[in-house]
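Below, each chain spelled out in residue letters.
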Amino acid sequence: MAEAVISAVIGEMVSRAISIVIGRSTGQESTNVKLRRIRYMLIKIGSLVEEAKGRQITNHGTLEWLSELINGMYQGRYFLDISKDGLPDRVDVDDNKDRPHPFLLSSFSPVKRLRISAHSIKTLFSHDDNIILEINDILANLQSLSVGITEFVMIVESCPPILKPLRTNLYVDCEMFGRHVEREQVIYFLLHKGNPSERKLDVLPIIGNIGVGKTTLVQHVCDDVRVCNHFSLIFLSDSFSLTVMDNCDTRIVLNCKYSTGNLGNLNEPLQTFKHKLINKRFLMVFDSVDSDKKQMLQVLLSNLKSCKPGSKIIVTSTHNHTASIGTVQPIKLKNLPCEKFWFYFKALAFPDADFEENCPRMAAIGMGIAKKLNGSFFGAKIIGALLKVHPNIQFWTEALRSSIWDLPVLGSSLPYISDFTNYFLSRQVSMCHVNMHTSKTYFENRALSTLHDVCIQSPPDGKKKLLHDKGNCLNLHVLLCKSVFPFHCVYYVAHCHGRGMMDGCGLSELFHC
């Protein structure tokens, strides 16, 4: 009797499900039409964004408009990347478990079969409803962005082109990604003449967490041809000091990371330093200003007020209180949103342009890893390089499910890089410390390995083994990642000890050793 009732209920549910499918099949064509419209609108908006990036836009409102177009473009592309993988290929990032196929019914008791059937059908159609809602939201957002697009085109066309063409290829080392609008805002501040009657030294604070890209932004701004032509002297410093001497003079010591023009000695009395700047329109950048440096910087700025009009100061800091130094509103950098960061991560981790189409399952896992990184550029460089040389689903799945994601995402760059890479070292390799080097001179007489070399189970054919067969201890210098700036490169090198052969280190050991 019970089985007859259960069978009748199942039959009724199946009939309703079929009716729902038939009823919704009429709307399938409209959904496909909407997806085609989204793709078409993204192409148009993307073309307009690229055109705008090649123009010198100085109007703040127009830059905000461009920012909205860029964000909408990435949101749309991100949605298409998600939707094209299909439900069976999805990965649940929150619990790191594969999402079950909705029609996998149990072969056990009828009661359990009923429970699973009801849950599966509910999951399927609730998911379908969510997809339709997302499609409508994305389409509505793109349509709202397209309102007044003709006026935006006219404004962009009236802006002069940027003389130096912008690089848009993510595979170019020295490329800044995702900060175009902020870059133009900084450049506008630098080129803006202000009121000639107000003889003041303008100061722009740039504030954000460690690793968010403040130094990268500033260096790309200083490398811009418009900025180089505007200032007779550009100076970047990451450390400085002011010392009161016995004769009551103040001596300034500046550590120069980059400069144009001729400043000469940077360890001299403050009055001499001021005299060198008196007839020059200069740009000075003080990087990584903390609370102690803030007080010294305020003293220095008070002594430079009589400089040539048009001179500017940029201050970067992780502390919000540094904003009080500024004479204009600070620019606050945040982590890239997930939609933007995904495209940065793909450029680093995917072996080729067709990888996403040929390996949708691994692309879905990669999307899960990108979400776990939460905008960390250092993390993307390190794990992206490993994923690119290990394009297999087992390695990528182990990476997604490892305990590495318990680490804080940003924090101080060196400790983060050290902790992050420790998860990928072979059991025969122990890390001592990580150093930053700005010159290749340090590596000239040393064999420099990569993180891939000390993680894999065995070296590829024809590659020299790193460790001696007899178990002798070796000193290893491992390049973890590098930051490529317009003026110099920063190499993050781990100093490690290795012992014995690296045979038998499986993937699970590799990620949890």
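Residues numbered from 1 in each chain as written. Predicted model: local features only at pLDDT ≥ 70, side-chain atom pairs only at ≥ 80, totals over all residues. Heavy atoms only, no water.

1. Quick look at the overall build of the chain
The number of helices and strands found in the chain is 17 helices and 13 strands. Per-residue burial for the chain yields a buried fraction of 44% across its 513 residues. Accessible area for the chain stands at about 26000 Å²; split by element, carbon and sulfur atoms hold 53% of it. (Helix = DSSP H or I, 4+ residues; strand = E, 2+ residues; numbered from the N terminus. Buried < 20%, exposed > 50% of the residue type's maximum accessible area, 1.4 Å probe, protein only. Areas by Shrake-Rupley, 256 points an atom, 1.4 Å probe, with all protein chains shown as cover.)

2. Here's the deal with the pairing of strand β5 (residues 250-260)
Two faces make up the sheet, and in a regular strand the side chains alternate between them. In this structure, strand β4 (residues 233-244) lies alongside β5, joined through 10 bridges in antiparallel fashion. By the bridge assignment, S239 is partnered in β5 with N255. In the sheet, β5 pairs with strand β6 (residues 267-269) via 3 bridges, with the strands oriented antiparallel. Of the residues in β6, the one forming a bridge with V253 is N267. (Pairing = 2+ DSSP bridges.)

3. Some remarks on the packing of helix α3 (residues 60-83) against helix α5 (residues 149-158)
The contact between α3 and α5 brings their axes to 12 Å, and the two run at 125°. Between α3 and α5, the crossing angle belongs to the class labelled oblique. α3 and α5 meet at a crossing whose hand is left-handed. Contacts between α3 and α5 involve T62, W65, L66 and L69 from the first element and I149, E151, F152 and I155 from the second. Classifying every residue of the contact of α3 with α5 gives 6 nonpolar, 1 polar and 1 charged. (Axes fitted to C-alpha atoms, helices over the stretch in contact; angles between N-to-C directions. Parallel < 35°, antiparallel > 145°, perpendicular 65-115°, else oblique. Left-handed = near helix turned anticlockwise from the far one by under 90°. Contact = heavy atoms within 4.5 Å. Nonpolar A, V, L, I, M, F, W, Y, C, P; charged D, E, K, R; others polar.)

4. Concerning the side chain of D224
With respect to the secondary-structure elements, D224 resides in the loop between α7 (214-222) and α8 (225-230). Residues within four places of D224 in sequence aside, it is in contact with R183 and I187.

5. Things to note about the nonpolar core
Ranked by internal contacts, the top residues of the largest apolar core, which has 79 residues, are F345, I369, L373, I383, L387, F420 and L451. At 9 residues, α3 tops the list of elements feeding residues into this core. (Core = buried A, V, L, I, M, F, W, Y, C linked by side-chain atoms within 4.5 Å.)

6. Focus: the pairing of strand β3 (residues 202-207)
Where burial is concerned, most of β3 is hidden: 6 out of the 6 residues are buried. Of the two faces of β3, the one holding D202, L204 and I206 and the one holding V203, P205 and I207 are both buried throughout. One ladder, built from 2 bridges, connects β3 with strand β9 (residues 331-332); its direction is parallel. If you follow I206 over to β9, its bridge partner there is I331.

7. Points about the packing of aromatic side chains
A full pass over the atoms with the stated rule returns 14 aromatic pairs. With centroids separated by 5.1 Å and ring planes inclined at 90°, the aromatic side chains of Y344 and F377 adopt a geometry described as edge-to-face. In this pair, Y344 is assigned in helix α11 (residues 338-349) and F377 in helix α14 (residues 377-389), connecting sequence segments 33 residues apart. The pair Y344 / F377 is uniform in exposure class, with both members buried. An angle of 75° between the planes, with centres 5.3 Å apart, marks the rings of F378 and Y492 as edge-to-face. Placement of F378 in helix α14 and of Y492 in strand β13 (residues 489-499) is noted, with a sequence separation of 114 residues between them. Its relative accessible area of 11% is what places F378 among the buried residues. According to the relative accessible area criterion, Y492 is buried, its value standing at 6%. Through a chain of ring-to-ring contacts, the aromatic side chains of Y74, F177, F341, F343, Y344 and F377 assemble into a single cluster. The cationic tip of K312 hangs over the ring face of F189; the distance from NZ or CZ to the ring centre is 4.8 Å. (Phe/Tyr/Trp six-rings, centres within 6.5 Å; stacked < 30°, edge-to-face > 60°. Lys NZ or Arg CZ within 6 Å of the ring centre and 35° of its normal.)

8. Section: the side chain of T62
Within the secondary structure, T62 is located in helix α3. When residues no more than four places from it in sequence are discounted, the contact partners of T62 are I57, F152 and I155.

9. Observations concerning the environment of D453
Tracing the backbone through its elements, the reader meets D453 in the loop between β11 (448-450) and β12 (473-484). Taking C-alpha positions, D453 is 10.0 Å from L479, a pair spaced 26 residues apart along the chain.

10. A short note on α11
Its 12 residues place the ends of α11 16 Å apart at the C-alpha level, agreeing with the 16 Å of an ideal helix rising 1.5 Å per residue. Counting buried positions along α11 yields 9 of 12 residues, so the element is predominantly enclosed. Listed in full, the buried residues belonging to α11 are K340, F341, W342, F343, Y344, F345, K346, A347 and A349. Against α3, α12 (355-358), α13 (360-373), α14 and α15 (393-401) lie the buried residues of α11. (Expected span 1.5 Å × (residues − 1).)

11. A word on the sheet that holds β6
Spatially, the 7 strands line up as an open sheet ordered β6-β5-β4-β7-β8-β3-β9, and their pairing is mixed. The open sheet has two free edges, formed respectively by β6 and β9, since each of these has just one partner strand. Sitting on the sheet, helix α9 (residues 270-277) touches β4, β5, β6 and β7 (282-286), and the angle it makes with β6 is about 95°.

12. Focus: the confidence of the model for the chain
This prediction gives the chain a mean pLDDT of 75; 72% of its residues lie at or above 70. In this model, residues 95-126 is a region of pLDDT below 50 whose contacts with residues beyond four sequence positions or in other chains number 33 contacts. In this model, residues 457-470 is a region of pLDDT below 50 whose contacts with residues beyond four sequence positions or in other chains number 24 contacts. (pLDDT = per-residue confidence, 0-100.)

13. Remarks on the pattern of salt bridges
What the rule picks out here adds up to 8 salt bridges. Between D81 and K346 there is a salt bridge, with its nearest N and O atoms 3.0 Å apart. Taken together, the residues D81 in helix α3 and K346 in helix α11 connect sequence positions 265 residues apart. One salt bridge in this structure joins D224 and R183, with 2.9 Å as the shortest N-O distance. With D224 in the loop between α7 and α8 and R183 in helix α6 (residues 180-191), this pair connects stretches of sequence that are 41 residues apart. Of the two residues, D224 and R183, neither departs from the other in class, the shared state being buried. Each member of the salt-bridge network shares a partner with another, and the members are R183, E184, D224 and R226. (Salt bridge = Lys/Arg side-chain N within 4 Å of Asp/Glu carboxyl O.)

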